[in-house]
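Now for the letters of each chain:
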Amino acid sequence: HSLIEEKPQTLYTEISVPAGQMTQIKLPDGSKVLLNSGSVLKYPTVFGTKSRDVSIDGEAFMEIAKNPEKPFRVTTNKFSVEVLGTTFNITAYSNENLSNVTLIEGSVKISTDNNKNTQKIIPGQSASITDGNLTEIAEVNTQFYTSWKDGKIVFRKETLEEIAKKLERWYNVEIKFADEDLKNEIFSG
């Protein structure tokens, strides 16, 4: 007669933000997450004993509650970010090749290539990840990356096609180009 110990099943909450909207949520540990339009955040209703794990498809501004005993991990479809307590912006839409992590305060560790490559960044830096590979770390004006949370859309040397994608998500509209050549025009503003 043997007893089989059943593990409690982890229950998840999934927050899906429709195009044209934003939403703010508070996680079970007190961390705050502001989700941009067209984003999906999935997290356990109760965090594990060793770590706090969430996944995102989209863009989020996160203020993570400090807890050195339980690192906070954000997983995307191409890379992951480990945090102890920090404020950062992450853009990782699964239907786009380019992602980035911009650090406002604290420190984060970015892991790519199935955790083979890890890189720490410091406040004021933004890491670009292209198709799952860390391609650039640059000193940036962090406001450029976080302006969306204040209701602003900012572009710097982006093609009209890239801008159109953002506007489609932002306003929940479809933009069609009458002239395909216009897609490659570059704008800032």
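Scroll up to find the structure this text is about.
A brief look at the structure comes next. (Residues numbered from 1 in each chain as written. Predicted model: local features only at pLDDT ≥ 70, side-chain atom pairs only at ≥ 80, totals over all residues. Heavy atoms only, no water.)

Points about the layout of surface pockets
Working step 1: Estimates place the volume of the largest pocket at around 890 Å³.
Working step 2: Breaking the lining of the largest pocket down by element, the ones donating at least two residues are β8 (87-92), β9 (98-105), β12 (125-130), β13 (133-139), α1 (142-146), β14 (158-159) and α2 (160-171).
Working step 3: Broken down by element, the residue count for the lining of the largest pocket peaks at 6 residues, all from α2.
Working step 4: In terms of residue class, the lining of the largest pocket is built from 10 nonpolar, 11 polar and 12 charged. (1 Å grid on protein atoms, 1.4 Å probe; cavity = no way out; pocket = protein on both sides within 12 Å on 5 of 7 lines; lining within 4 Å. Points joined across faces, edges and corners; volume = space filled by probe spheres on them. Helix = DSSP H or I, 4+ residues; strand = E, 2+ residues; numbered from the N terminus. Nonpolar A, V, L, I, M, F, W, Y, C, P; charged D, E, K, R; others polar.)

Focus on the environment of glutamate 105
Working step 1: Among the structural elements, glutamate 105 can be located in strand β9.
Working step 2: For glutamate 105, a relative accessible area of 48% translates into the label partly exposed.
Working step 3: Along the primary structure glutamate 105 and phenylalanine 187 are separated by 82 residues, whereas in three dimensions their C-alpha atoms are 29 Å apart.
Working step 4: Every residue in contact with glutamate 105, bar those within four places of it in the chain, is listed here: Thr86, Thr87 and Pro123. (Buried < 20%, exposed > 50% of the residue type's maximum accessible area, 1.4 Å probe, protein only. Contact = heavy atoms within 4.5 Å.)

Overview of the side chain of threonine 102
Working step 1: Tracing the backbone through its elements, the reader meets threonine 102 in strand β9.
Working step 2: Within the local environment of threonine 102, its side chain forms a polar contact with the side chain of serine 126, the two groups lying 2.9 Å apart.
Working step 3: Each residue touching threonine 102, except ones within four places of it in the same chain, is listed here: Phe88, Asn89, Gln125, Ser126, Val140, Thr142 and Tyr145. (Polar contact = N/O pair within 3.5 Å; in protein donor to acceptor, adjacent residues only side chain to side chain.)

Remarks on the nonpolar core
Working step 1: Formed by 29 residues in total, the largest nonpolar core has its most connected members in Leu41, Met62, Val81, Phe88, Ile90 and Val101.
Working step 2: Setting aside its immediate chain neighbours within four residues, phenylalanine 88 contacts Ala60, Phe61, Met62, Ile64, Val74, Val81, Val83, Val101, Thr102, Leu103, Ile104 and Val108. (Core = buried A, V, L, I, M, F, W, Y, C linked by side-chain atoms within 4.5 Å.)

Side note on the pattern of salt bridges
Working step 1: Using the criterion set out here, one finds 8 salt bridges in the structure.
Working step 2: Taking the shortest distance from any N to any O, the salt bridge between lysine 149 and aspartate 150 comes out at 3.7 Å.
Working step 3: Overall, aspartate 150 belongs to the exposed group, its relative accessible area being 52%.
Working step 4: Ionic pairing is found between glutamate 174 and lysine 176, a salt bridge with its closest N-O pair at 2.7 Å. The pair glutamate 174 / lysine 176 is uniform in exposure class, with both members exposed.
Working step 5: By sharing partners, the salt bridges in this structure join Glu161, Glu180 and Lys183 into a single network. (Salt bridge = Lys/Arg side-chain N within 4 Å of Asp/Glu carboxyl O.)

A closer look at unusual backbone geometry
Both trends apply: most residues other than glycine have a negative phi, and most peptide bonds are in trans.
Working step 1: Phi is positive for lysine 157, which is not a glycine, with a value near 50 degrees.
Working step 2: Tracing the backbone shows lysine 157 in the loop between α1 and β14.
Working step 3: We classify lysine 157 as exposed; its relative accessible area is 67%.
Working step 4: Positioned with a positive phi, asparagine 172 is a non-glycine residue whose angle comes to about 55 degrees.
Working step 5: As for its position among the elements, asparagine 172 is in the loop between α2 and β15 (186-187).

Here's the deal with the environment of glycine 20
Working step 1: Locating glycine 20 in the fold gives a position in the loop between β1 (12-16) and β2 (23-26).
Working step 2: The partly exposed category is assigned to glycine 20, whose relative accessible area is 38%.

As for the pairing of strand β7 (residues 80-83)
Working step 1: Direction of pairing for strand β6 (residues 72-75) relative to β7: antiparallel, over a ladder of 4 bridges. Counterpart to threonine 75 in the pairing with β7 is serine 80.
Working step 2: A loop of 4 residues connects β6 with β7, the two strands running antiparallel in sequence. (Pairing = 2+ DSSP bridges.)

Describing the packing of aromatic side chains
Working step 1: Applying the stated criterion across every chain, the model contains 2 aromatic pairs.
Working step 2: Ring centres 6.2 Å apart and planes at 70 degrees place the aromatic pair phenylalanine 47 and phenylalanine 72 in the edge-to-face group. On the criterion of sequence distance, the pair formed by phenylalanine 47 in the loop between β4 (40-44) and β5 (52-63) and phenylalanine 72 in strand β6 is long-range, its members being 25 residues apart.
Working step 3: On the basis of relative accessibility, which here comes to 9%, the residue phenylalanine 47 falls in the buried class.
Working step 4: Between phenylalanine 144 and tyrosine 145, the aromatic rings sit 5.1 Å apart at their centres with planes inclined by 85 degrees, giving edge-to-face as the arrangement.
Working step 5: Directly above the aromatic system of phenylalanine 61 lies the positively charged group of lysine 149, at a separation of 4.7 Å from the ring centroid.
Working step 6: Cation over ring: arginine 156 sits above phenylalanine 144, and NZ or CZ is 4.0 Å from the ring centre. (Phe/Tyr/Trp six-rings, centres within 6.5 Å; stacked < 30°, edge-to-face > 60°. Lys NZ or Arg CZ within 6 Å of the ring centre and 35° of its normal.)

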